[in-house]
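# Architecture and fold: a report
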Amino acid sequence: FAYVAIVFNFQPNGFIENHVHTDTLRLELMHDWYSKLRLFFEIIVIVVNGYYLFQVCWGICNAVLTRSDRKDTYDKGFVQRNLSRFRAVAVHLVMDPFNVIDFVSCMLTIATMIFWYVFLNSSLTSGYFFQASPTWNSGTCRQWNNDWCSDEDVINQFGSLVKTLRSFTQIVAINTIMIFIRLIRYLMVFPRIKLVFYTLVRGILDFFWFIVVMTICLLAFVLMGHQIFGANIAGLMSLADGVGYCFQMFQGTFDYVELREVAPWSAAIFFYCYMFLFKFLIINMFLALVDKNFQAQEK
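Residues numbered from 1 in each chain as written. Predicted model: local features only at pLDDT ≥ 70, side-chain atom pairs only at ≥ 80, totals over all residues. Heavy atoms only, no water.

### Looking at the overall build of the chain
Along the backbone of the chain there are 11 helices and 2 strands. Helices (α) and strands (β) of the chain occur, in sequence order from the N terminus, as β-β-α-α-α-α-α-α-α-α-α-α-α. Taking all 299 residues of the chain together, 29% fall into the buried category. When contacts within the chain are restricted to residue pairs at least 6 apart in sequence, long-range pairs at least 24 apart make up 63% of them. Surface exposure of the chain reaches about 19,900 Å², of which carbon and sulfur atoms provide 67%. (Helix = DSSP H or I, 4+ residues; strand = E, 2+ residues; numbered from the N terminus. Buried < 20%, exposed > 50% of the residue type's maximum accessible area, 1.4 Å probe, protein only. Contact = heavy atoms within 4.5 Å. Areas by Shrake-Rupley, 256 points an atom, 1.4 Å probe, with all protein chains shown as cover.)

Here is the structure:
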């Protein structure tokens, strides 16, 4: 089946955005050998994910039970004991970033399986069939115990199922990145890979505050562009589009003429200040942070 939805967004400046979302759904999922093979791999994923989640939880419990100040907090209050436990968990996770990555990936896998089985056991997947004639009879609907008895009900059911499938796909995509990052753990036997990874770990606080500063600067230019050019340039009509527009400017994909035609002086201030700040200052600051942490880690 193909599900098509036309979505209209009404912007404050009066512009109406329209988007066409197209999704395909296959409702018969367990009727061929490929589906049986997929079920086999699903079982393997559940078992392996349970094993890794048990390892992570056992490591956290062990860190709490073997913390150095455990005996000293016996006579302390409830808050101090729990702060001690929280500190032990935080140290355990921070000392080995792969513990955090494993835990997050396991939780994403669980969420993935939940969305998948919600989709798999939905009423449409398990009981829908395409009628030969587009007529609905309430008595027949009750007899079949359906959750739908009109075209509107069917469309709403398909819309709900499409949202579930989109959530499933997005979580799978994020978890795919996490799974490939987890593979680095098994490459840490190579010194150069270990050096690169721990350089990033060592500078995580520097990178975090760098991202904070960069985000503040970026939002300032996005808001400026939205206020001056948003009524005339599609890429700056919304804040989300403005972020993408500024990123394309940074990469060199832009049309300065369209900015100048709207507001010549404002276009010059917006464009040259943005390019100077991001091209020459912020990016070089990032490279300097990487170099500083690389040299410190190498020593």
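### Overview of the nonpolar core
Counting residues in each nonpolar core, the largest one holds 22 residues, and the members touching the most others are F229, M249, L259, F270 and Y274. Residues within four places of M249 in sequence aside, it is in contact with F254, F270, F271, Y274 and M275. A5, V154, L161 and V162 belong to the second largest nonpolar core, which has 14 residues in total. (Core = buried A, V, L, I, M, F, W, Y, C linked by side-chain atoms within 4.5 Å.)

### Observations concerning the side chain of N99
Position of N99 relative to the elements: it lies in helix 3 (residues 97-120). Overall, the relative accessible area of 13% leaves N99 in the buried class. When sequence neighbours within four positions are dropped, the list of residues in contact with N99 reads V56, H92, L93 and R185.

### Points about the pattern of salt bridges
As enumerated under the stated definition, the model contains 3 salt bridges in all. For R182, the salt bridge identified is with D102, shortest N-O distance 2.8 Å. Taken as a pair, R182 in helix 6 (residues 151-182) and D102 in helix 3 lie far apart in primary sequence, 80 residues in all. Across the pair, D102 and R182 agree in class, each one buried. Notably, a salt bridge pairs R185 with D102, separated by 3.0 Å at the nearest N-O pair. Pair noted here: R185 is in the loop between helix 6 and helix 7 (191-202) and D102 is in helix 3, with a separation of 83 residues, a long-range link. Since its relative accessible area comes to 26%, R185 is described here as partly exposed. (Salt bridge = Lys/Arg side-chain N within 4 Å of Asp/Glu carboxyl O.)

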